[in-house]
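# Residue-level structural notes
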Amino acid sequence: MSDLKTRYSYGGDEFIFVELSEDMSLEVNFQAMAITKKLREKNMPGILDICPSNASYMVRFNPDQIHPDELIDELKKLESSVENLDDVVINSRLVDVPVLFEDPWTHEAVMQFRDRHQDPESTDIEYAARINGYESKEDFIKAITGSPFLVSMIGFVPGLPFCFQVVPREEQIEVPKYVRPRTFTPERCFGFGGGFSVIYPVQGAGGYQMFGIAATPVFDKEQKLPDFQDSIVFPRQGDIFRYRDVTREEYDAVRAEVEAGTFEYRKKDFTFRPDDVLKDPRAFSDMVLGRLYND
Amino acid sequence: MIKVLKPGLQTTVQDDGRVGFYETGMPPSGAVDQYSYAVANLLAGNKKGAAVLEITYMGPELEFQQDATIAITGGNIPPKINGEAVPMWETVKINRGDVLSFDFVKQGARSYLAIAGGIDVPVIMDSRSTYTLCGIGGFNGRALQEGDALSIGDVQETDVKEGTRLTEEYVPEFSTSHEIRVIIGLCSYRLTEESKQRFLELEWTVTPEANRVGYRLKGERLDFVPREQPFGAGSNPSNVVDLGYPIGSIQIPDGVEPIALLNDAVTGGGYATVATIISTDLNRIGQAKTNEKVKFVSVSLEEALKARQETNRKLEEIKNIIQSS
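Residues numbered from 1 in each chain as written. Chains lettered and ligands numbered in written order. Predicted model: local features only at pLDDT ≥ 70, side-chain atom pairs only at ≥ 80, totals over all residues. Heavy atoms only, no water.

What links the strands of a sheet is backbone hydrogen bonding, and the strands pair in either a parallel or an antiparallel sense. All names here are of chain B. Pairing is antiparallel across the open sheet formed by 5 strands, whose spatial order is β2-β3-β10-β5-β8. This sheet does not close on itself; its edge strands, each paired only once, are β2 (12-14) and β8 (92-94). Adjacent strand axes in the sheet meet at a mean angle of 35 degrees, parallel and antiparallel pairs treated alike. With 6 bridges joining them, strand β5 (residues 68-76) and strand β10 (residues 107-115) adopt antiparallel strand pairing. By the bridge assignment, Ile 70 is partnered in β10 with Ile 115. Against the sheet, helix α1 (residues 34-44) contacts β2, β3 (52-56), β5 and β10, and its axis sits at roughly 155 degrees relative to β5. (Pairing = 2+ DSSP bridges. Helix = DSSP H or I, 4+ residues; strand = E, 2+ residues; numbered from the N terminus. Axes fitted to C-alpha atoms, helices over the stretch in contact; angles between N-to-C directions. Contact = heavy atoms within 4.5 Å.)

Okay, here's the thing in structure tokens:
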């Protein structure tokens with residue numbers, strides 16, 4: 001990966017920020033995952049937080065225990081040790097995420113903030129479909145739900161998954177963010193901004209295009225649901241989410257299960273190598289969908 | 001127990017922060033001014049990391065239903081017991097039935113009330129700090145309200161003699177204009193050279209949008225280097241492929257108004273970050289009030305580390321002074 005120009009930078013005296021690439025790609029995300037995984041395994045004293053993100057990562061440390069330059073030297077060594085992603089194994093989960101597109105609650109928010117949007121005359125999904133070259137909203141939804149997404153980063157607020165679709169680059173969807181951020185986004189809103197889809201864990205501010213609503217939570221601070229026993233957030237970097245278009249009827253049924261505290265995600269533990277994805281994203285996507293729904 | 005007669009503007013339980021969950025999107029929270037926080041605990045005889053009350057702008061009115069040892073530090077907010085003035089930065093005894101109240105804050109924005117034994121609230125993810133955005137930690141995940149009753153914990157380490165006080169050199173001065181040291185970096189390559197300079201030359205004004213999540217500042221528009229946006233970043237020149245935001249990092253959405261992130265920060269997003277406030281001055285930025293001025297001063301890593309060591313040394317000296325008093 002000699003084409004990557006890595007930038008190492010101090011984030012004050014407690015953070016190191018490492019930008020592996022300005023562009024997003026599956027390859028660079030796997031590299032960030034691999035470096036941060038190795039760093040975690042080293043259990044170095046003075047390391048407080050290891051935060052992999054999309055095309056970069058960040059480490060928080062206690063400079064009373066480790067000098068930032070010493071840490072940077074170590075990170076550079078780790079970077080060169082994963083140049084070849086061959087020996088990298090990603091422990092993942094395949095997860096079915098039911099989404100109700102163009103739901104009434106998101107639609108209300110869409111209409112409320114037209115004055116902050118690029119195209120006040122269209123809805124977010126009509127606009128996004130058009131600028132990505134789709135004939136109809138239905139075709140656009142098919143493209144989103146047809147191939148799964150890699151959870152490439154968690155952040156913003158607790159549990160928010162940034163997801164990057166596992167398709168060849170030329171098929172990837174890209175949309176701008178709102179011209180001015182909104183002051184309101186519904187909880188569990190399914191959004192899209194830049195090259196990433198997200199689920200907003202809680203209601204709040206936001207700038208991504210709004211397409212629908214997930215029936216299922218990604219954040220449960222009461223830890224009532226079985227999927228949240230170990231953590232108040234569900235998504236993990238490296239997970240593979242398939243967003244599935246559901247009817248209002250199914251949405252309501254899933255919501256009832258969530259409210260009753262009985263809902264559990266349809267999911268499968270799954271291990272893969274970056275190369276499995278990179279050599280043929282299309283074949284990989286088909287394979288994981290088969291595993292999730294059939295095996 | 002301590003009964004909350006009046007809650008104040010925004011009074012929350014805070015400690016030294018919830019560390020280790022940043023990668024899940026969970027910011028550390030904790031006292032914004034960690035220096036004043038640590039001194040309050042030392043004067044109260046508490047173990048490191050004990051929970052205190054962080055008071056913002058306007059103090060609460062608290063009825064103590066038991067005898068206690070307390071200490072108040074941070075922004076200058078004249079405290080009173082039963083209406084009689086008592087000093088800050090000093091170990092104070094308060095008796096059962098006494099009412100602690102405060103005048104308006106005179107200097108600074110945030111003050112810390114430590115009570116010997118610490119505030120006893122459940123430990124959530126290794127911390128008692130309140131993260132109000134998601135309702136996690138502290139007292140029921142929120143700021144105090146009238147009628148709340150706080151329990152005192154058992155994390156007292158030593159009995160500090162009443163009247164133990166610190167000399168002036170250990171008491172920070174907060175004025176209405178704040179010099180805040182930063183390390184330029186992160187995605188600063190996105191700003192034009194001229195805008196990078198303006199960022200450091202300008203006197204920024206703190207807007208009303210200044211809270212524990214971040215401080216939004218007003219000044220003049222800054223420009224980004226024109227480029228074809230990288231894949232996945234979004235179309236605004238201030239957009240980057242979503243990345244992690246360090247605590248203290250400064251972003252400038254659309255080049256309009258810089259936002260400095262504090263302890264309840266959003267942990268990541270898609271705006272270019274251009275500098276980070278050094279840990280020592282994170283203790284000061286949260287003491288700036290709306291309409292006060294902020295000037296950013298660029299320092300090297302070495303200077304930042306030296307400032308940090310200086311703060312550590314001061315805290316060590318304070319510990320010794322208190323132990324030998």
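That shown, we press on.
Throughout the structure, instances matching the rule amount to 25 aromatic pairs over all chains. Geometrically, the ring pair formed by Phe 190 of chain A and Phe 211 of chain A is tilted, given 6.5 Å between the ring centres and 55 degrees between the ring planes. Here Phe 190 of chain A is found in strand β8 (residues 189-193), whereas its partner Phe 211 of chain A is found in strand β10 (residues 209-214), with 21 residues between them in sequence. With a relative accessible area of 1%, Phe 211 of chain A lands in the buried category. Geometrically, the ring pair formed by Phe 199 of chain B and Phe 296 of chain B is stacked, given 4.9 Å between the ring centres and 15 degrees between the ring planes. Pair noted here: Phe 199 of chain B is in helix α2 (residues 193-201) and Phe 296 of chain B is in strand β21 (residues 293-298), with a separation of 97 residues, a long-range link. (Phe/Tyr/Trp six-rings, centres within 6.5 Å; stacked < 30°, edge-to-face > 60°. Buried < 20%, exposed > 50% of the residue type's maximum accessible area, 1.4 Å probe, protein only.)

Let us now look at the pairing of strand β5 (residues 90-101) of chain A. Residue and element names in this part refer to chain A. For β5, a buried count of 11 out of 12 residues is recorded, marking the element as mostly surrounded by other parts of the structure. Of the strand pairs in this sheet, β5 and strand β12 (residues 267-272) are connected by 6 bridges, and their pairing is antiparallel. Paired with Val 95 across the strands is Lys 267, a residue of β12. Pairing geometry for β5 and strand β11 (residues 240-245), over 6 bridges, is parallel. Note on β11: the bridge partner recorded for Val 99 is Asp 245. Pairing between β5 and β10: 3 bridges, direction antiparallel. Counterpart to Val 99 in the pairing with β10 is Ala 214.

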